[in-house]
Amino acid sequence: MKGLGGVVLVFMLINLAITCNGQLRRGFYLGKCKGGNVEAIIRGVVQAEFKNLPNGPKMAAALLRLQFHDCFVTGCDASLLLDGPESEKMAPPNFSVRGYDVIKKVKDALEFACAGVVSCSDIIAVATRDAVVLSGGASYRVETGRRDGFVSLKSNVNLPSPSITVKDSIKVFADQGLNKTDMVLLLAAHTVGITHCAQVHGRLYNFRNKGKRDPTMRDDHFNSWSKTCPNSGGPNKEIALDQTPNSLNIVDNGYLKQVKAQGGVLEIDQGLGIDPLTAEIVRSYADGPLSKLFRSHFGEAMIRLGRVGVLTGKNGEIRRTCNAVNNPKPVQPKPAIQPKPAGPTPKPAGGLTSLGL
């Protein structure tokens, strides 16, 4: 969410126009990898990284954010993984995206087991699911069969800020074929997310450039967050988007309970619980009739997210390495600049003025 890990969930403001050939399906790789079961191999790597890395418990936040950032820019095609001076990685909203190393380790394991079979875009979807499960979320059956895209441009990364309104956010999600319930559920990935003081400072001290705090912010939250993020500045410290005790790295509905109680950290978080367009959805998943279904419904929303703008069939490719296309186009050398002849430029036959080209 861009937010998962440095700040908000990441969304695209443009409509996707990607053709699909074929369909995603569950169990796409069954019988296609002679070296083992594809999803079991992915799960083994993710479990090892989760257990052995110091930041393992933060893996769900990292991979959720990575998947959101990828899918909301030209679709779920692993374009975010491509390197290059003008790639999506070079767009400021992606500077703090993490999890590339986990995806690489999974890809290396799969290339060893069955080279050229599993796409990087499918690895993102399955590895994210496995990290969610390790963080207390419900398992969901990921649809696979995606192929990887060829294009990654930072100019395609057009992402709204944490201060986006609920109405505008609904529009952003609708452009991707996701409804407002999907939006609430996917923003609830903030249950394992963090932001930084730079993204909260405006709500604390200069809300909408009026020199005052956000009037919807409760006193207890202002007193707590202003100590972490003083008006005088200082380190750009982390703030958990889910303030529920002992719940920072747990996929649960604690974030929605907090939002319902007018405790959203980011402006979009706060808006979800206040705006009539979404307040009832938040209440229902926080402590209403759908509260016990949050984990399973979150997984279903992730499945729907994974369908956005996918390449299947003969479109795209299966990359050998996730950070580069298989056959990059060679860089064309620039033509040598020819020295201009001395004297005036001669006129071409017919008396037309030369453009000097």
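Predicted model only: the values in this text are computed from it and were never measured. (Residues numbered from 1 in each chain as written. Predicted model: local features only at pLDDT ≥ 70, side-chain atom pairs only at ≥ 80, totals over all residues. Heavy atoms only, no water.)

### A short note on the state of the cysteines
Counted according to the given criterion, the structure contains 4 disulfides. Put simply, Cys-71 and Cys-76 are joined by a disulfide, and their sulfur atoms are 2.1 Å apart. In this structure the cystine formed by Cys-71 and Cys-76 twists about its S-S bond by roughly 120 degrees; its chirality is therefore right-handed. The exposure class assigned to Cys-76 is buried, which follows from its relative accessible area of 2%. Across a sulfur-sulfur distance of 2.0 Å, Cys-197 and Cys-229 are joined as a disulfide pair. Negative torsions about the S-S bond denote left-handed disulfides, and the value of about -75 degrees found for Cys-197 with Cys-229 makes this one left-handed. Of this pair, Cys-197 sits in helix 7 (residues 197-205) while Cys-229 sits in the loop between helix 8 (219-228) and strand 2 (238-240); the two residues are 32 residues apart in sequence, bridging distant segments of the chain. Accessibility classification places Cys-197 together with Cys-229 in one group, the buried group. If the cysteines joined by disulfides in the chain are listed in sequence order, their pairing comes out as 1-4, 2-3, 5-8, 6-7. (Disulfide = S-S within 2.5 Å. Buried < 20%, exposed > 50% of the residue type's maximum accessible area, 1.4 Å probe, protein only. Helix = DSSP H or I, 4+ residues; strand = E, 2+ residues; numbered from the N terminus.)

### So, the layout of surface pockets
Gaps left between atoms are located by rolling a probe of water-molecule size over the structure's atoms. Considered as a void within the structure, the largest pocket measures approximately 380 Å³ in volume. The wall of the largest pocket is formed by 15 residues, among which Leu-82, Phe-150, Val-325, Pro-328 and Lys-329 lie closest to the centre. Here the residues of the lining of the largest pocket are counted per class, giving 7 nonpolar, 5 polar and 3 charged. (1 Å grid on protein atoms, 1.4 Å probe; cavity = no way out; pocket = protein on both sides within 12 Å on 5 of 7 lines; lining within 4 Å. Points joined across faces, edges and corners; volume = space filled by probe spheres on them. Nonpolar A, V, L, I, M, F, W, Y, C, P; charged D, E, K, R; others polar.)

### Some remarks on the UniProt feature "binding site: heme b" (unreviewed entry) in the chain
The feature "binding site: heme b" (unreviewed entry), as given by UniProt, occupies His-190 in the numbering adopted here. The exposure class of His-190 is buried, given its relative accessible area of 0%. (UniProt positions renumbered as here; feature names shortened; annotations may be inferred.)

### Things to note about the packing of aromatic side chains
What describes a pair of aromatic rings is the distance from one ring centre to the other and the angle between the planes of the rings. Counted under the stated rule, the structure contains 5 aromatic pairs. Ring geometry for Phe-28 versus Tyr-29: centroids 5.0 Å apart, planes at 90 degrees, classification edge-to-face. Between Tyr-205 and Phe-222, the aromatic rings sit 6.2 Å apart at their centres with planes inclined by 75 degrees, giving edge-to-face as the arrangement. Linking Tyr-205 in helix 7 with Phe-222 in helix 8, this pair joins segments that are 17 residues apart in sequence. Among the aromatic side chains, those forming a connected cluster through ring pairs are Tyr-285, Phe-294 and Phe-298. Over the aromatic face of Phe-28 sits the side chain of Lys-32, whose NZ or CZ is 3.5 Å from the ring centroid. We note Lys-89 situated over the ring of Tyr-100; from NZ or CZ to the ring centre the distance is 4.5 Å. (Phe/Tyr/Trp six-rings, centres within 6.5 Å; stacked < 30°, edge-to-face > 60°. Lys NZ or Arg CZ within 6 Å of the ring centre and 35° of its normal.)

### Looking at the pattern of salt bridges
Scanning all chains against the criterion turns up 17 salt bridges. Notably, a salt bridge pairs Lys-89 with Asp-83, separated by 2.5 Å at the nearest N-O pair. The partly exposed category is assigned to Asp-83, whose relative accessible area is 42%. Across the pair Arg-307 and Glu-143 runs a salt bridge, and its minimum N-O distance is 2.9 Å. You can see Arg-307 sitting in the segment after helix 12 (294-305) and its partner Glu-143 sitting in the loop between helix 4 (120-134) and helix 5 (166-175), a full 164 residues away along the chain. Within the structure, one salt-bridge network assembled from shared partners comprises Glu-39, Arg-129 and Asp-130. (Salt bridge = Lys/Arg side-chain N within 4 Å of Asp/Glu carboxyl O.)

### Side note on empty space enclosed by the protein
Applying the stated criterion across every chain, the model contains 2 cavities of 30 Å³ or more. Counted as a void, the largest cavity has a volume near 50 Å³. Taken together, Gln-67, Ala-125, Tyr-140, Val-142, Glu-143, Arg-146, Met-302, Ile-303 and Gly-306 make up the full set of residues lining the largest cavity. Lining the second largest cavity we find Gln-67, Asp-70, Cys-71, Cys-76, Ser-121, Ile-124, Ala-125 and Arg-146. Mapped by element, the contributors of at least two residues to the lining of the second largest cavity are helix 2 (59-71) and helix 4.

### Some thoughts on the packing of helix 3 (residues 100-113) against helix 4
When two helices pack together, you describe them by how their axes are tilted relative to each other and by the distance separating the axes. Between helix 3 and helix 4, the least distance of the axes is 10 Å, while the angle of their chain directions is 115 degrees. In this structure, the crossing between helix 3 and helix 4 has a hand that is right-handed. Two secondary-structure elements touch here, helix 3 through Ile-103, Val-106, Lys-107 and Leu-110 and helix 4 through Cys-120, Ile-123, Ile-124 and Ala-127. For the contact of helix 3 with helix 4, the per-class residue count stands at 7 nonpolar, no polar and 1 charged. (Axes fitted to C-alpha atoms, helices over the stretch in contact; angles between N-to-C directions. Left-handed = near helix turned anticlockwise from the far one by under 90°. Contact = heavy atoms within 4.5 Å.)

### As for the environment of Asn-179
Positionally, Asn-179 belongs in the loop between helix 5 and helix 6 (180-187). In sequence terms Asn-179 and Ala-301 are 122 residues apart; their C-alpha atoms lie 9.8 Å from each other. Reaching out from Asn-179, the side chain makes a polar contact with the backbone nitrogen of Asp-182 at a distance of 2.8 Å. (Polar contact = N/O pair within 3.5 Å; in protein donor to acceptor, adjacent residues only side chain to side chain.)

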